[in-house]
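Architecture and fold: a report
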Amino acid sequence: PPEPTLPLPSPSMPSPSFLTPQRPQSFFSSLALKRCVRRRGKKLVITGVDAGELLGPAAQAMGELAQERSKRESELRYQNVVRWCESFGAIRKVDRRLDGSIHVYWREWEVADMVCRVQAQVFIKEVGRVSLAWHYI
């Protein structure tokens, strides 16, 4: 039988892969391995939830009973918006701002990324038509 060109691997003789010099690892490639992937978070901004609210003198002219009903309806709309947002995924925080907008922060960036792709007016059941926009955190 013909003899092999390379000797068979044995503990006393290293294989050819050990004989070829290893390329030194560069500084930049080691940085790429150690770098933690950090994605910028997004928040959803919902406006137009309290579009029918009366402010200022018009609110004072309303009776006390009408103001109480308006507050209840506003709170109900807010809860429905939060419920709608929770249908996409777990929520980390919901902020209600003085200008009437609602800022929603999700736990997972994938959910925020999916929801924040829509930047338009949508109809939320029992709330009505609201405007959606998003901002980086």
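An account of the accompanying structure is given in this report. These figures come from a predicted structure and were not determined experimentally.

This paragraph deals with the overall build of the chain. Each helix and strand counted, the chain has five helices and five strands in total. Written out in order from the N terminus, the α and β elements of the chain read α-α-β-α-α-β-β-α-β-β. Counting all 137 residues of the chain, 26% fall into the buried class. Look at the contacts in the chain between residues 6 or more apart in sequence, and 57% of them connect residues 24 or more apart. For the chain, the exposed surface amounts to about 11000 Å²; the carbon and sulfur share of it is 57%.

Right, let's talk about the side chain of lysine 42 for a bit. Tracing the backbone shows lysine 42 in strand β1 (residues 42-47). Only 2.8 Å separates the side chain of lysine 42 from the side chain of aspartate 113, close enough to count as a polar contact. Setting aside anything within four residues of it in sequence, one finds lysine 42 in contact with Val104, Ala112, Asp113, Cys116, Trp134, His135, Tyr136 and Ile137.

Further remarks concern the pattern of salt bridges. Tallied over the full model, the rule gives six salt bridges. Of the charged contacts, one joins lysine 42 and aspartate 113 as a salt bridge, the two residues approaching to 2.8 Å between their closest N and O atoms. Placement of lysine 42 in strand β1 and of aspartate 113 in helix α5 (residues 109-115) is noted, with a sequence separation of 71 residues between them. Each member of the pair, lysine 42 as well as aspartate 113, carries the same accessibility label: buried. Using a relative accessible area of 19% as the deciding quantity, one classes aspartate 113 as buried.

What follows covers helix α4 (residues 64-86). Taking 1.5 Å of rise per residue, the 23 residues of α4 would be expected to cover 33 Å, and the 33 Å separating its terminal C-alpha atoms lies within 8% of that figure. Taken as a whole, α4 has its buried residues at Ser70, Ser74, Arg77, Tyr78, Asn80, Val81, Val82 and Cys85. Looking at the buried side of α4, the elements it contacts are β1, β2 (91-96), β3 (102-106) and β4 (121-124).

Attention now goes to the pairing of strand β5 (residues 128-136). Where β1 and β5 come together, six bridges link them in antiparallel fashion. Bridge pairing in β5 links threonine 47 to serine 131. Pairing of β4 with β5, which is carried by four bridges, proceeds in the antiparallel orientation. Considered in β5, the bridge of valine 122 is made with valine 130. Linking β4 back to β5 in an antiparallel pair, the connection comprises three residues, with glutamate 126 at a positive phi of about 65°.

It is worth spelling out unusual backbone geometry at this point. Positive phi, normally seen in glycine, also occurs at glutamate 126, with a value near 65°. Residue placement: glutamate 126 occurs in the loop between β4 and β5. When its relative accessible area of 57% is taken as the criterion, glutamate 126 is described as exposed.

Next up on the list: the environment of glutamate 108. By the secondary structure assignment, glutamate 108 is in the loop between β3 and α5. Looking at glutamate 108, the relative accessible area reads 48%, which means it is partly exposed. When the C-alpha positions of glutamate 108 and glycine 41 are compared, they lie 8.7 Å apart, and in sequence the two are 67 residues distant.

Reading guide: rules and limits
- Residues numbered from 1 in each chain as written.
- Predicted model: local features only at pLDDT ≥ 70, side-chain atom pairs only at ≥ 80, totals over all residues.
- Heavy atoms only, no water.
- Helix = DSSP H or I, 4+ residues; strand = E, 2+ residues; numbered from the N terminus.
- Buried < 20%, exposed > 50% of the residue type's maximum accessible area, 1.4 Å probe, protein only.
- Contact = heavy atoms within 4.5 Å.
- Areas by Shrake-Rupley, 256 points an atom, 1.4 Å probe, with all protein chains shown as cover.
- Polar contact = N/O pair within 3.5 Å; in protein donor to acceptor, adjacent residues only side chain to side chain.
- Salt bridge = Lys/Arg side-chain N within 4 Å of Asp/Glu carboxyl O.
- Expected span 1.5 Å × (residues − 1).
- Pairing = 2+ DSSP bridges.

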